[in-house]
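# Coordinate inspection notes
Listed here are the chains, written in short residue letters.
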Amino acid sequence: MIRSTVSPAKVMPRARRGMVVAEHPLGAAVGASILVHGGNAVDAAVATAFAMTVIEPFMSTMAGGGSFLVYLAKRGEIIAIDANVMAPAACHERCYELGEGMQQDLFTWRRVVGDANIYGPRAVAVPGSLAGLCLMLERYGTMELADVLAPAIRLAEEGFVPDWYIGLTMAMHSEELRSFPESARTYLRNGTDIYRPPSLVDGDVLRQPELARSLRLVAKEGPSAFYRGEIAGRIHDHIQAGGGWLTKEDLAGYAPRVLSPLVGKYRGVELAFTPGATGGVTALHILNLLGQFPQTRMGYAMATALHLRAEAVRHAFEDRLRFLGDAQRVRAPWNGLTSVAYAAAQAKGIKPRGPRSSLPSPDPWCYDGGAPPEESRPRRAVTRFRADRSSDCTTHLGVIDRQRNMVSLTNTAVGLFGSRVVVPGTGILLNNGMIWFDPEPGKLNSVEGGKRPLVNMVPVLGFRRGEPFFTLGAPGGRKIVSVIPQILSNMIDVGDSAQAAMEAPRLHTEGTDLWIDDRVGAATIETLEEMGHAVVPKTVSFSSFFFARPIAIRISRRGLEAGLDPFSAASAAGV
């Protein structure tokens, strides 16, 4: 039997002076308008990020967490900003009552009674997004906060008509939203129905006047309005009344971390990632493994090439889940895991033509440079998660301006609609960042007051011979970590354009099932199964989210070119 298939494509003309890519056309247009009015890449990125919290409240919020990268062309400097969430001070490793069985949401942790770490006041971690965005604008932008916030305020106050993407997402989660009256009042029409996109009639207008008021307050008073002022007081009162841990003292004590980036190379292309407990370490690890095999064996057109991708992703994920946590709280072989020498030793156990290897990996502590082998910590048991559904969702955006400053920015509410808690009188959705912690005591990522969790964001900046080359990132939970190396391989190994790289099939594994886009074909899937992979074919469509949805801007001789996930609402706008 033969059947028709869908092969969407997106076309964006090259831009000369600047470009913004975002996960929605309204967001990309906001950023481009900032560039038109003389703003730099940082101004445009911050404006877009705030606008996206209005447009995609299910993906990001000013009360969320984020990982940002900035490249300043005149200074030749790359800055990483850790604006991720952290556990409130009152939290400890036994603060959740454990239930029977395992949860099937973001992680396969032990189930928590009442899913208290996923929904409601006890799921809320100390937010960092707003602090990080304001710091980035203050240090590296050129515009005033009030001017950068103006588009988001307008979108919240005047409203906008949802498109198919927003309407579909709202519809899929309307039942859960109805369990939280303030959230239902904020995001559902009359508190019960979705705001309908245009069809045979004009669509409904979604307005968020209370969020507009909060944004105006931040525009006037700066981040202190959120972390120390009126908004902080409202958050404190609401969370405390609901039995949560977050306090106004936690908010007042939060500070983003400004860090040096994690840097590496892939086939001569220089790469910058966010360091520490993000997805950057693992993404670079995957690329180091792929780099041990000839460029001609890479790509997505052959079963053997997909096998190598799957093996690299699997090995890197096993190490990720075995070793990594908050870099300020967890001793891990950070240098070893990103060492090319370690990747070379690990790659010796991978058979280029299959089958799937069962050999143990070498000890990364031996390649860390900080601890001799005899002082290495005992190897921990391998943690494996199935590549099941994940509610961990984010938004991503990228900007390159006329001076070739670059920004790669990922921001998140953590789960879809975060904790589902909207603070009355503010319109602000709170994150559910506590889901990122292992609720069992004695684990690397167990809960601890002031600790930051291991997150999945992988914003990337690329350079060729020291010159700006591209910005790249994605939403999509743990699958972000696997998709970024695949997109880079598509562009660097296969020679794809940024757009063609996005349209290629993808895969994901964390040590058990191998999810793969069924567009690779039945013969390829059969060959991978014969190699020993537990293949789970997935049909990608506009309504599915089986894999992350990357977006990119690449600098070419003829201008700036966009790369956009073809099955999402991702869009580019340029000048």
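The rules behind each value
- Residues numbered from 1 in each chain as written.
- Predicted model: local features only at pLDDT ≥ 70, side-chain atom pairs only at ≥ 80, totals over all residues.
- Heavy atoms only, no water.
- Pairing = 2+ DSSP bridges.
- Helix = DSSP H or I, 4+ residues; strand = E, 2+ residues; numbered from the N terminus.
- Axes fitted to C-alpha atoms, helices over the stretch in contact; angles between N-to-C directions.
- Contact = heavy atoms within 4.5 Å.
- Parallel < 35°, antiparallel > 145°, perpendicular 65-115°, else oblique.
- Left-handed = near helix turned anticlockwise from the far one by under 90°.
- Nonpolar A, V, L, I, M, F, W, Y, C, P; charged D, E, K, R; others polar.
- Buried < 20%, exposed > 50% of the residue type's maximum accessible area, 1.4 Å probe, protein only.
- Phe/Tyr/Trp six-rings, centres within 6.5 Å; stacked < 30°, edge-to-face > 60°.
- Lys NZ or Arg CZ within 6 Å of the ring centre and 35° of its normal.
- Salt bridge = Lys/Arg side-chain N within 4 Å of Asp/Glu carboxyl O.

## Some words on the sheet that holds strand 16 (residues 513–517)
Here we have 3 strands laid out as an open sheet, ordered 15-16-17, and mixed in their pairing. Each edge of the sheet is formed by a strand with only one pairing partner; in this case those strands are strand 15 (507–509) and strand 17 (534–538). Strand-to-strand twist across the sheet, computed as the mean angle between neighbouring axes with direction ignored, equals 20 degrees. Where strand 16 meets strand 17, 5 bridges bridge the pair, whose relative direction is parallel. Along strand 17, the bridge assignment pairs aspartate 517 with lysine 538.

## A closer look at the environment of alanine 569
Topologically, alanine 569 is positioned in the loop between strand 19 (559–564) and strand 20 (571–574). Here the alpha-carbon distance between alanine 569 and arginine 549, two residues 20 residues apart in the chain, equals 9.7 Å. Setting aside anything within four residues of it in sequence, one finds alanine 569 in contact with Lys10, Glu23, His24, Pro25, Asp163, Trp164 and Tyr165.

## Considerations on the packing of helix 2 (residues 41–55) against helix 4 (residues 145–158)
At a closest axis distance of 8 Å, the pairing of helix 2 and helix 4 adopts a crossing angle of 15 degrees. With respect to each other, helix 2 and helix 4 are oriented roughly parallel. Like other packed secondary-structure pairs, helix 2 and helix 4 cross with a definite hand, here right-handed. Where helix 2 approaches helix 4, its residues Asp43, Val46, Ala47, Phe50, Ala51, Val54 and Ile55 are matched on the opposing element by Val148, Leu149, Ala152, Leu155 and Ala156. Across the contact of helix 2 with helix 4, the residue classes break down as 11 nonpolar, no polar and 1 charged.

## Some remarks on helix 12 (residues 280–290)
Taken across its 11 residues, helix 12 has 11 buried, putting it largely inside the fold. Of all the positions in helix 12, only Gly280, Val281, Thr282, Ala283, Leu284, His285, Ile286, Leu287, Asn288, Leu289 and Leu290 are classed as buried. Tucked into the core, helix 12 has its buried residues touching strand 7 (262–266), strand 8 (269–273), helix 13 (303–323), helix 14 (334–337), helix 15 (340–347) and helix 16 (479–494).

## Thoughts on the sheet that holds strand 7
Through backbone hydrogen bonds, the strands of a sheet pair up, either in parallel or in antiparallel fashion. A sheet is described by the order of its strands in space; here 6 strands give the open sequence 7-8-13-14-18-19, paired in antiparallel fashion. Only two strands of the sheet have a single partner each, and these edge strands are strand 7 and strand 19. Strand-to-strand twist in this sheet, taken as the mean axis angle between neighbours without regard to direction, amounts to 25 degrees. Note: strand 7 against strand 8, 5 bridges, orientation antiparallel. Note that in strand 8 the partner of valine 263 across the bridge is alanine 272. Against the sheet, helix 12 makes contact with strand 7 and strand 8, and its axis sits at roughly 20 degrees relative to strand 7, the strand it touches most. The strands that helix 16 touches are strand 7, strand 8, strand 13 (460–464), strand 14 (467–473) and strand 18 (551–556); relative to strand 14, the one it contacts most, it runs at about 140 degrees.

## So, the packing of aromatic side chains
For the structure on display, the rule yields 13 aromatic pairs. Relative to phenylalanine 463, the ring of tyrosine 71 lies with its centre 4.9 Å away and its plane at 70 degrees, an arrangement referred to as edge-to-face. With a gap of 392 residues between them, tyrosine 71 in strand 2 (residues 65–72) and phenylalanine 463 in strand 13 connect regions that are remote in the sequence. The pair formed by tyrosine 71 and phenylalanine 463 is uniform in burial state, with each residue classed as buried. Taken together, the ring pairs connect Phe58, Trp164, Tyr165, Tyr187, Phe417, Phe542 and Phe567 into an aromatic cluster. Across from the ring centre of tryptophan 515, 4.3 Å away, lies the NZ or CZ of lysine 538, which sits over that ring. Its guanidinium or amino end placed over the ring of phenylalanine 545, arginine 549 lies 4.4 Å from that ring's centre, counting from NZ or CZ.

## As for the pattern of salt bridges
A side chain of one charge can pair with a side chain of the opposite charge when the charged atoms of the two come close. All told, the structure shown has 25 salt bridges when counted by the stated rule. As a salt-bridge pair, glutamate 440 and arginine 110 come within 3.7 Å of each other at their nearest N and O atoms. Pair noted here: glutamate 440 is in the loop between strand 12 (428–429) and strand 13 and arginine 110 is in strand 5 (residues 110–112), with a separation of 330 residues, a long-range link. The closest approach of N and O atoms between glutamate 448 and arginine 329, which form a salt bridge, is 2.6 Å. In this pair, glutamate 448 is assigned in the loop between strand 12 and strand 13 and arginine 329 in the loop between helix 13 and helix 14, connecting sequence segments 119 residues apart. Through salt bridges with shared partners, a single ionic network connects Asp82, Arg257, Asp326 and Arg452.

The analysis is restricted to geometry; functional conclusions fall outside its scope.
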